[in-house]
Structures are given as C-alpha cells and as structure tokens.
Amino acid sequence: MAVPGEENNHKQGKLEFALDVPFPSTREASIAFKSLIPDREPRKGGISKEITVSDSTLSVRWRADETRILRVSVGSFMDHLTLVMETMEAFGPPVPV
Amino acid sequence: MTVVIGFEGSANKIGVGIIRDGEVLSNPRRTYITPPGQGFLPSDTARHHRGVILTVLKEALEEAGIKPDDIDCVAYTKGPGMGAPLVTVALVARTVAQLWAKPLLGVNHCIGHIEMGRLITQANNPTVLYVSGGNTQVIAYSERRYRIFGETIDIAVGNCLDRFARVIKISNDPSPGYNIEQMAKRGKQYVELPYTVKGMDVSFSGILSYIEVTFTSKMLTSDQCTAEDLCFSLQETLFSMLVEITERAMAHCGSQEVLIVGGVGCNIRLQEMMGVMCKERGAKLFATDERFCIDNGAMIAQAGWEMFRSGQVTELSDSWITQRYRTDEVEVTWRD
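Since the model is a prediction, treat every value here as computed from it, not as a measurement.

## Some details on the overall build of chain A
A tally of helices and strands in chain A yields three helices and three strands. Starting at the N terminus and ending at the C terminus, chain A contains elements arranged as α-β-α-β-β-α. Within the span of chain A, comprising 97 residues, buried residues form 36% of the whole. For chain A, the accessible area works out to roughly 5,900 Å², and carbon and sulfur atoms hold 53% of it.

This is the structure we're talking about:
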C-alpha cells in the first residue's frame, strides 16, 4: 500500500520510517492500538507519527526532518510497544466480550 | 463489593495496590534509587518502571488473592508527574483494562494522597498539608473542590531536601529525606537560614541556594558547623514554614483537623512540630506511616474507588497523561 503523500515527502526532503506489527488476532491489535494512541508526541514540530490498525496488523508511519528526532521517537515507541506486548503475554489472552 | 486496582508511577516509586471497600488487600512497591549526588532522570526512571511493573502487578494480584475477573475498575495516575514514567504506567493500565474488559479511571495523584490519608486516619474534613518531592500544598475542601490555600512558589519542600542531600552527598537509600532526618537527630547547633513565607505561600529555592553558596564552601570546610547541624537547621526552618501556613489555613477555615500526606509527611520531626501547633489550638493531627505516605498503588485505587462509585470512568481516548494537573482541577463528585 502506498503511503499517502509519499512523493511530496520525498520532494520536501523528509525522512520516513515504516513499521508493521503483526498480532495474533484483530482484538489484540486493536487493544495495542488503543493503548498506544492516547499520548501525543512530546515534541511539537519536526516529526509526525501516524498509527493505524488494519485486521491484526498495527502500522506506524513516521515523517521527520532530522535523523536525531526520528531515532528518539522510534526508540521511545519501541519501548512502549514492547511493554504493551509483554503485558499481553503475561496477562492475556483478552477475555471474551 | 467494589474492587479497584490502582497503578502509580509518577516519580521514582512504582506501585500497584488493590482496595476492596476501604480494605487494602495488597500494595507492593519498588523504588528507583540513584547513587549519592544524583537525582532520578525521567528516561532512566521510566526504564526502571518498565523493568519491574509486571512483576509488581503479579505480586499485587497474588498477595490480594484476587483474580482479574474480581476487579471492577482499573485506576492509574493521570498526572501530575514526570512524563515518561507516567506513560509507562498508563500503558500497562490501559492494556490490562482492555484484556480484562474493565473500565479505566485516570486519577489525580494529589487527590490519591488526600483520599488515602482520609481512609487510613478516618479524618473527616481536615486541612491537608501535602508535602512531597514534587508538591507542597495546603489544601482544604469546599464546594466540591480540594482548594489550594497555600503552596510553594518555586520548588517542592521534598525537592529542596533531595537536592540538599545531593549537595552534601547523603545516600538516596532508602530515601534522602529519611537519611537527613536521622542525621538531624545528631545536630548540635542551629544555624540561621532564610525563612521565606510569603503570605499563604512558601519559597524554598533561595534556602537551597543559600546553603549551597554559604555553607558547603565555608562552614563545612572550616568546621564551623557539621553536616548534621545543617540537616537539623534545614528541617527546623522548612518545617516551621509549613506549620505556619497550615495554621493560617486552619484559622481561615475554622478547621480543627490537620492531615499530613505525601512522602515528606512520614518525617517524624514534621509530625512533632505540627503536633505542637495542633495542641495549642485544641486541634487534632492525623498522619500516616511510610506505607501510605510515600507514593503507592493503593492510594490511586482508593481515589479511584471513590470516583468509580460516584459514576466516573475515563474513556481510552481520554486517557492521556499530563505532567501538570492541579489538585483543584478535579471536581470532587464523591463528597457533599
């Protein structure tokens, strides 16, 4: 799937980073999504992060001006994602609703 | 019966507590302790919390003998506090709330301290002195808000103590404040420090600078006073200021009860000094020990219990954390 505005980003000299995370089920992907989206990116400018979920895959797309800013945001997201996945492993699977 | 699990991790303590109708079923906690001379930084603290939070959660459930299914609500600290540690705790709270299909509830950390203090001491409508590493406030309840009558205009009293400990390299284990309290008992002379009460408010940053500049350079090196004398003098000065503004708030509200909460609140010398003032006024002092004064999960569970019972919940989309969150922003829906 093409990233919307990809061509524009390249023209503007933006860095891009893409991550797809597979989950065992749609429900678990949705839980991770809802756990990870409420907190906004601490930095105001120079980076944007878009999180989406489709079936059992969580996808994240970053666009940034500098590698330094990108690395901090991706690193921090990875820490958060790892914690959410560890929590699911230790206290899952989700109860039926 | 209503069972609430509470997650706290806004500073260097990480705790998970479970409350069932006023009964503390479990309340395990871990503290991130830094070497002498060093404070705790947000990212290092968050890493510490990530490393232990799931173990602490397991302990809380096991000690309480509670299954996730028995829980009615998952409460967590929404703020105020350090961003990265707050996010860590919120992530786990959001995830388990969804895994267990339970409602989520974001709690104001300061309200957690107040409600835990009220539960443990059974103080009914006290004037509250909330003193910790990040907060210094004199609070009284009126018309559905915990209103702030006086507060620090710069750093918290606990921050002043912590940073003083760093300057003279006192150990952070179990906490800098505890070690200052022990050293102060061996102080022999009172050295005069600035006394900075501004109306109902207090200021501590100047006292810290004064010590940094004057004493560590001159007096300690020339044996005019000892580190123990400084600990003693600092405690006497800071705590006198706190007692003064608490007394003024009591006079203003006509209150006959004082409740001390927050990490600095387990300092016995502060409790003694407050006790003297209360005795003179015929008022009653309520305080708790380090299990409930220092940040813990049960306090978030208790405030969460009150909020949940009064009909509050937090939608996942509104569950963002916030580093700034004043005590008086919360509408107290659980008191008359």
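## Thoughts on the environment of T26(A)
Residues and elements named next belong to chain A. Summarising the element assignment, T26 is placed in helix 2 (residues 26–36). Relative accessible area serves as the criterion here: at 48%, T26 is assigned to the partly exposed category. Residues T26 and V60 lie 34 residues apart in sequence; the distance between their C-alpha atoms is 16 Å. Excluding residues within four positions of it along the chain, T26 makes contact with D55 and S56.

## What about the pairing of strand 2 (residues 47–54) of chain A?
Residues and elements named next belong to chain A. One ladder, built from eight bridges, connects strand 2 with strand 3 (residues 57–64); its direction is antiparallel. By the bridge assignment, E50 is partnered in strand 3 with R61. What sits between the antiparallel neighbours strand 2 and strand 3 is a turn of two residues, in which D55 has the positive phi angle 50°.

## Considering the nonpolar core
Within the largest apolar cluster, 55 residues are counted, with the highest numbers of intra-cluster contacts made by F7(B) and L57(B). In terms of nonpolar packing, the next biggest core, distinct from the first, is built from 44 residues, I155(B), C160(B), I168(B) and F239(B) among them.

## Some words on the interface of chain B and chain A
Taken residue by residue, the interface counts 21 residues in chain B and 22 residues in chain A. Between the two partners, chain B and chain A, sit two salt bridges. D39(A) serves as the salt-bridge partner of R94(B), at 2.9 Å between the closest nitrogen and oxygen. Across the chain B-chain A interface, the total number found is nine residue pairs in polar contact (both at pLDDT 80 or more). It is helix 2 (residues 83–99) of chain B that contributes the most residues to the side of chain B that touches chain A, nine residues altogether.

## A short note on the sheet that holds strand 2 of chain A
Residue and element names in this part refer to chain A. As summarised here, the arrangement of the three strands in space is 1-3-2, forming an open sheet in which the pairing is antiparallel. Whereas interior strands pair on both sides, the edge strands pair on one side only; in this sheet they are strand 1 (15–22) and strand 2. Direction aside, the axes of adjacent strands within the sheet are offset by 15° on average. Contacts from helix 2 reach strand 2 and strand 3, with the element oriented near 155° to strand 2. Contacting strand 1, strand 2 and strand 3, helix 3 (residues 67–91) crosses the sheet at an angle of about 10° to strand 1.

## Let's talk about the UniProt feature "binding site: substrate" (unreviewed entry) in chain B
Residues and elements named next belong to chain B. This chain's UniProt record puts "binding site: substrate" (unreviewed entry) on Y130, V131, S132, G133, G134, D162, G177, E181 and N267. Structurally, the position occupied by V131 is in strand 7 (residues 127–131). V131 has contacts with T136, V157, L242, I260, V261, G262, G263, V264, G265 and L270, leaving out every residue within four places of it along the chain. Secondary-structure assignment places D162 in helix 4 (residues 157–167).

## A closer look at the packing of helix 5 (residues 176–184) of chain B against helix 7 (residues 227–253) of chain B
All names here are of chain B. The contact between helix 5 and helix 7 brings their axes to 8 Å, and the two run at 110°. In this view, helix 5 runs roughly perpendicular relative to helix 7, as classed from their interaxial angle. Contact with helix 5, carried on its side by I180, E181, M183 and A184, involves A227, E228, C231, F232 and Q235 of helix 7 and no other residues of that element.

## Some points on the pattern of salt bridges
All names here are of chain B. Evaluated as defined, the whole model comprises 20 salt bridges over all chains. With a closest N to O distance of 2.5 Å, E59 and R30 form a salt bridge. Residue E59 is located in helix 1 (residues 42–64), and its partner R30 is located in strand 4 (residues 29–31); the two are separated by 29 residues in the primary sequence. The class of E59 is partly exposed, set by a relative accessible area of 25%. Note that E272 is salt-bridged to R269, the shortest N-O span being 2.8 Å.

## Quick word on the side chain of T77(B)
All names here are of chain B. Checked against the element boundaries, T77 lands in strand 5 (residues 73–79). Polar contacts involving the side chain of T77 include one to the side chain of E8, which spans 2.6 Å. Setting aside its immediate chain neighbours within four residues, T77 contacts F7, E8, G9, S10, L86, V107, H109, I300 and I321.

## What to know about the UniProt feature "binding site: a divalent metal cation" (unreviewed entry) in chain B
All names here are of chain B. UniProt annotation of "binding site: a divalent metal cation" (unreviewed entry) refers to H109, H113, Y130 and D295 when read in the numbering used here. Look at the named residues: they lie 187 residues apart in sequence, but the longest C-alpha span between them is just 11.9 Å, so in the fold they bunch up. Along the chain, H109 falls in helix 3 (residues 109–121). Leave out the neighbours within four places in its chain, and H109 touches E8, S10, T77, G79, P80, Y130, D295, M299 and I300. A polar contact of 3.3 Å, which involves the side chain of H109, links it to the side chain of S10. Within the secondary structure, H113 is located in helix 3. Residues contacting H113, with those up to four places away along its chain left out, are Y130, V261, G262, C293, I294, D295 and M299.

Calculation criteria
- Residues numbered from 1 in each chain as written.
- Chains lettered and ligands numbered in written order.
- Predicted model: local features only at pLDDT ≥ 70, side-chain atom pairs only at ≥ 80, totals over all residues.
- Heavy atoms only, no water.
- Helix = DSSP H or I, 4+ residues; strand = E, 2+ residues; numbered from the N terminus.
- Buried < 20%, exposed > 50% of the residue type's maximum accessible area, 1.4 Å probe, protein only.
- Areas by Shrake-Rupley, 256 points an atom, 1.4 Å probe, with all protein chains shown as cover.
- Contact = heavy atoms within 4.5 Å.
- Pairing = 2+ DSSP bridges.
- Core = buried A, V, L, I, M, F, W, Y, C linked by side-chain atoms within 4.5 Å.
- Salt bridge = Lys/Arg side-chain N within 4 Å of Asp/Glu carboxyl O.
- Polar contact = N/O pair within 3.5 Å; in protein donor to acceptor, adjacent residues only side chain to side chain.
- Axes fitted to C-alpha atoms, helices over the stretch in contact; angles between N-to-C directions.
- UniProt positions renumbered as here; feature names shortened; annotations may be inferred.
- Parallel < 35°, antiparallel > 145°, perpendicular 65-115°, else oblique.

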